[in-house]
Amino acid sequence: MAGLLLSRTEKVYIVNGIEEDFRSDGRSNYDYRPIELETNVVSHASGSARLRLANTDILVGIKTEVDIPKPETPGLGKIEFFVDCSANATPEFEGRGGEQLANRISNILQRAYHASQAFNLKQLCIFEGKQCWKLYVDILILECGGNLCDAVSLAVKAALFTTRIPFVKAALMDGGDVDLQLSDDPFDSKPLVVGTAPLLVTLCKIGNKFVVDPSAEEEFCSIVSVVIGVSGNPAHYTTEKIENVESKFTTIGMSGVGGLVPDTLKSAISQGIVAAKCLDSALGRSLLRERQDICSYKKDSYGFLK
């Protein structure tokens, strides 16, 4: 990363520590740093979340809009990702320095969410072949402290979990036009089913070992990084008793100047799937606990001239 300087001694310390499964901040090679998550932080968004992973700070807002489905997928809705890197996040993002990274993150999210076993776009269909919901997922990187892909995917899934879609009554009129009636009541809506939505896990190869949740200093020492997308388990995101769904590999991306032999890549993917399952379980428990706390309060109306 631009603006980050490490001496040769510091690099040797980081690499040798990882070889012994002991990182400079006390973690093992497969431990994540503490994560802080806050939802419903943007009042005018359909869903939002802010996530902080060490010094990495991500804000996600989701907007819903009625659109026309694609001719090749008449029964599916749409989802698009837009990533913006704040110039204050890191000196590397000054000017147009963050555009390449933003495009890389949005592209891998697009691939991960459009895998067949990942996010269910059928729930966004209003009237097959005529109208559907389109989700605009706006991601703002406020601060960069390493491991952006993982942090962004966690924040996106949390924001989707809080997103509510208004109930719509649709009727087919003469001439093939569709008449839509949207409810004005903010509570007359339904949440999205996001259990299978994928998470991204980054594995950095430093020396001969892989690490998850790399810090900025560790990313500086890495020769190649592998980012994999792994679908989630719906059982973690509902209080109902449902059958567990096995997490599946949805996408992969690589960055850096190095390469990997097939056996090493296969090992990295297996380690990433294990890490993704742990993250998905922890995220689901946290979001369910927050939803139950909110639902425990009675929604009363207050105002004048009642």
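For the structure, see preceding data.
On a predicted model such as this, the values are computed, not experimentally measured, just so you know.

A.B. asks: Tell me about the nonpolar core, and name the residues and values.
C.D. replies: Counting 64 residues, the largest nonpolar core has Phe119 and Ile139 as the members making the most contacts within it. With 11 residues, the single largest contributor to this core is helix 3 (residues 148-162). Setting aside anything within four residues of it in sequence, one finds Phe119 in contact with Ile79, Tyr113, Leu124, Leu135, Leu192, Val193, Val194, Thr196, Ala197 and Pro198. Ile14, Ile206, Val211 and Cys221 belong to the second largest nonpolar core, which has 7 residues in total.

A.B. asks: Tell me about the side chain of Arg33, and please be specific about residues and values.
C.D. replies: Position of Arg33 among the secondary structure elements: in the loop between helix 1 (8-19) and strand 1 (35-39). Given the relative accessible area of 11%, Arg33 is considered buried. Engagement of the side chain of Arg33 in a polar contact is seen with the backbone oxygen of Pro214, the distance being 3.4 Å. Setting aside residues up to four positions removed in sequence, Arg33 forms contacts with Asp25, Arg27, Leu53, Ala54, Gly145, Gly146, Asn147, Asp213, Pro214 and Ser215.

A.B. asks: Give a detailed account of a nonpolar patch on the surface, specifying residues and quantitative values.
C.D. replies: Together, Phe249, Ile252 and Met254 make up an exposed nonpolar region whose accessible area comes to about 240 Å². The exposure class of Phe249 is partly exposed, given its relative accessible area of 32%.

A.B. asks: Could you give me a rundown of the packing of aromatic side chains, with the residues and numbers involved?
C.D. replies: Under the defined criterion, the tally for this structure stands at 4 aromatic pairs. On the basis of an interplanar angle of 55 degrees and a centroid distance of 5.1 Å, the ring pair of Phe81 and Tyr113 is categorised as tilted. Remark: Tyr113 occurs in helix 2 (residues 99-113) and Phe81 occurs in strand 4 (residues 78-85); sequence separation between them is 32 residues. Grouped by ring-pair contacts, the aromatic residues Phe81, Tyr113 and Phe119 constitute a single cluster. Cation over ring: Lys63 sits above Tyr136, and NZ or CZ is 6.0 Å from the ring centre. In this structure, Arg291 packs its charged tip against the face of Phe161, placed 3.9 Å from the ring centre.

A.B. asks: Explain unusual backbone geometry to me, using residue names and the numbers behind them.
C.D. replies: For Ala54, which is not glycine, the phi torsion reads 55 degrees and is therefore positive. Within the secondary structure, Ala54 sits in the loop between strand 2 (47-53) and strand 3 (56-67).

A.B. asks: Requested: an account of the pattern of salt bridges, with residues and values cited.
C.D. replies: Counted under the stated rule, the structure contains 13 salt bridges. With its nearest N and O atoms 3.2 Å apart, the salt bridge here joins Arg52 to Glu143. Taken together, the positions of Arg52 in strand 2 and Glu143 in strand 6 (residues 131-143) put the pair 91 residues apart, joining distant regions of the chain. Where Lys277 meets Glu246, a salt bridge forms, and the shortest distance between an N and an O atom there is 2.8 Å. Placement of the pair is Lys277 in helix 5 (residues 262-295) and Glu246 in the loop between strand 13 (224-230) and strand 14 (249-256), with a sequence separation of 31 residues. Here Lys277 falls in the partly exposed class, since its relative accessible area comes to 34%. Judged by relative accessible area, which is 53%, Glu246 ranks as exposed. Connected through salt bridges with shared partners, the residues Arg23, Asp25, Arg27, Arg33, Asp213 and Glu218 form a single ionic network.

A.B. asks: Provide a residue-level description of the environment of Glu218, including the pertinent values.
C.D. replies: Mapped onto the elements, Glu218 comes out in helix 4 (residues 216-221). Spatially, the C-alpha atoms of Glu218 and Asn147 are 9.8 Å apart, while their sequence positions differ by 71 residues. Once you skip the residues sitting within four places of it in the chain, Glu218 turns out to touch Ile14, Ile18, Arg23, Arg27, Ile206 and Asp213.

Calculation rules
- Residues numbered from 1 in each chain as written.
- Predicted model: local features only at pLDDT ≥ 70, side-chain atom pairs only at ≥ 80, totals over all residues.
- Heavy atoms only, no water.
- Core = buried A, V, L, I, M, F, W, Y, C linked by side-chain atoms within 4.5 Å.
- Buried < 20%, exposed > 50% of the residue type's maximum accessible area, 1.4 Å probe, protein only.
- Helix = DSSP H or I, 4+ residues; strand = E, 2+ residues; numbered from the N terminus.
- Contact = heavy atoms within 4.5 Å.
- Polar contact = N/O pair within 3.5 Å; in protein donor to acceptor, adjacent residues only side chain to side chain.
- Patch = residues over 30% accessible without salt bridge, like charges linked within 9 Å, V, L, I, M, F, W, Y side chains within 5 Å.
- Areas by Shrake-Rupley, 256 points an atom, 1.4 Å probe, with all protein chains shown as cover.
- Salt bridge = Lys/Arg side-chain N within 4 Å of Asp/Glu carboxyl O.
- Phe/Tyr/Trp six-rings, centres within 6.5 Å; stacked < 30°, edge-to-face > 60°.
- Lys NZ or Arg CZ within 6 Å of the ring centre and 35° of its normal.

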